[in-house]
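Take a look at the letters that make up each chain.
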Amino acid sequence: QVRLVESGGGLVQAGGSLRLSCAASGSIFSINAMAWYRQAPGKQRELVAAITSGGSTNYADSVKGRFTISRDNAKNTVNLQMNSLKPEDTAVYYCMGTIGTMTSERRADYWGQGTQVTVSS
């Protein structure tokens, strides 16, 4: 079993910052890509940022220059630093990891429970 546990969400004023963290635990054999997604009310879930095991990153156009994704392979964690937040960033943010387990080395996607980020005007 693999679990992803998120932390760092909350309420912040426009222009402020938040840092989200996600820790993976369980019978992990390997972790490839990790990513953050978000879903706002009435909208489809969208990719916010992703990072490969080698550190290559990509971002949604709407967050480029404001958000930074990073990871610590030794700790099985991924972070999302969010600066210059806008009300449009309000959403539930989900952590995702492509992970191979001890019982099955074939990698699959695992998801966190989501954490609420609310940006007020």
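As a starting point, this report considers the structure included with it. (Residues numbered from 1 in each chain as written. Predicted model: local features only at pLDDT ≥ 70, side-chain atom pairs only at ≥ 80, totals over all residues. Heavy atoms only, no water.)

## Brief notes about the overall build of the protein
Move 1: Each helix and strand counted, the protein has zero helices and 11 strands in total.
Move 2: The linear arrangement of helices and strands in the protein, starting from the amino end, is β-β-β-β-β-β-β-β-β-β-β.
Move 3: Here the C-alpha radius of gyration of the protein, 14 Å, is about what a compact globule of 121 residues would show, namely 14 Å.
Move 4: In terms of its C-alpha atoms, the protein occupies a principal-axis envelope of roughly 50 × 25 × 25 Å.
Move 5: Relative to its 121 residues, the protein shows a buried fraction of 40%.
Move 6: Within the protein, residue pairs in contact and separated by at least 24 positions form 56% of the contacts whose partners lie at least 6 positions apart.
Move 7: Accessible surface computed for the protein: about 6500 Å², of which carbon and sulfur atoms make up 47%. (Helix = DSSP H or I, 4+ residues; strand = E, 2+ residues; numbered from the N terminus. Rg over C-alpha atoms; globule rule 2.2 N^0.38 Å. Buried < 20%, exposed > 50% of the residue type's maximum accessible area, 1.4 Å probe, protein only. Contact = heavy atoms within 4.5 Å. Areas by Shrake-Rupley, 256 points an atom, 1.4 Å probe, with all protein chains shown as cover.)

## Some words on the nonpolar core
Move 1: Counting residues in each nonpolar core, the largest one holds 29 residues, and the members touching the most others are Trp36, Val48, Phe67, Val78, Leu80, Met82 and Tyr93.
Move 2: Leu80 has contacts with Leu18, Arg19, Leu20, Trp36, Val48, Ala49, Phe67, Thr68, Ile69 and Tyr93, leaving out every residue within four places of it along the chain. (Core = buried A, V, L, I, M, F, W, Y, C linked by side-chain atoms within 4.5 Å.)

## Examining the pairing of strand S5 (residues 46-51)
Move 1: Bridging between strand S4 (residues 28-39) and S5 involves five bridges; their strand directions are antiparallel. What sits directly across from Arg38, in S5, is Glu46.
Move 2: Hairpin remark: S4 followed by S5, antiparallel, with six residues in the connecting loop; positive phi at Gly42, about 80°.
Move 3: Direction of pairing for S5 relative to strand S6 (residues 57-59): antiparallel, over a ladder of three bridges. Of the residues in S6, the one forming a bridge with Ala49 is Tyr59.
Move 4: The hairpin turn running from S5 into S6, its antiparallel successor, is five residues long, and Gly55 in that turn takes a positive phi close to 100°. (Pairing = 2+ DSSP bridges.)

## A few points about unusual backbone geometry
Move 1: Of note, Asn76 is a non-glycine position whose phi angle comes to about 55°, a positive value.
Move 2: Position of Asn76 relative to the elements: it lies in the loop between strand S7 (67-72) and strand S8 (77-82).
Move 3: Here the phi dihedral of Ser84 falls at roughly 50°; this positive angle occurs in a residue that is not glycine.
Move 4: Considering the arrangement of structural elements, one finds Ser84 in the loop between S8 and strand S9 (91-101).

## Comments concerning the side chain of Asn79
Move 1: Mapped onto the elements of the fold, Asn79 is located in strand S8.
Move 2: A relative accessible area of 11% places Asn79 in the buried class.
Move 3: Polar contacts involving the side chain of Asn79 include one to the side chain of Arg19, which spans 3.4 Å.
Move 4: Not counting the four nearest positions on each side in its chain, Asn79 is found in contact with Arg19, Leu20, Ser21, Trp36, Thr68, Ile69 and Ser70. (Polar contact = N/O pair within 3.5 Å; in protein donor to acceptor, adjacent residues only side chain to side chain.)

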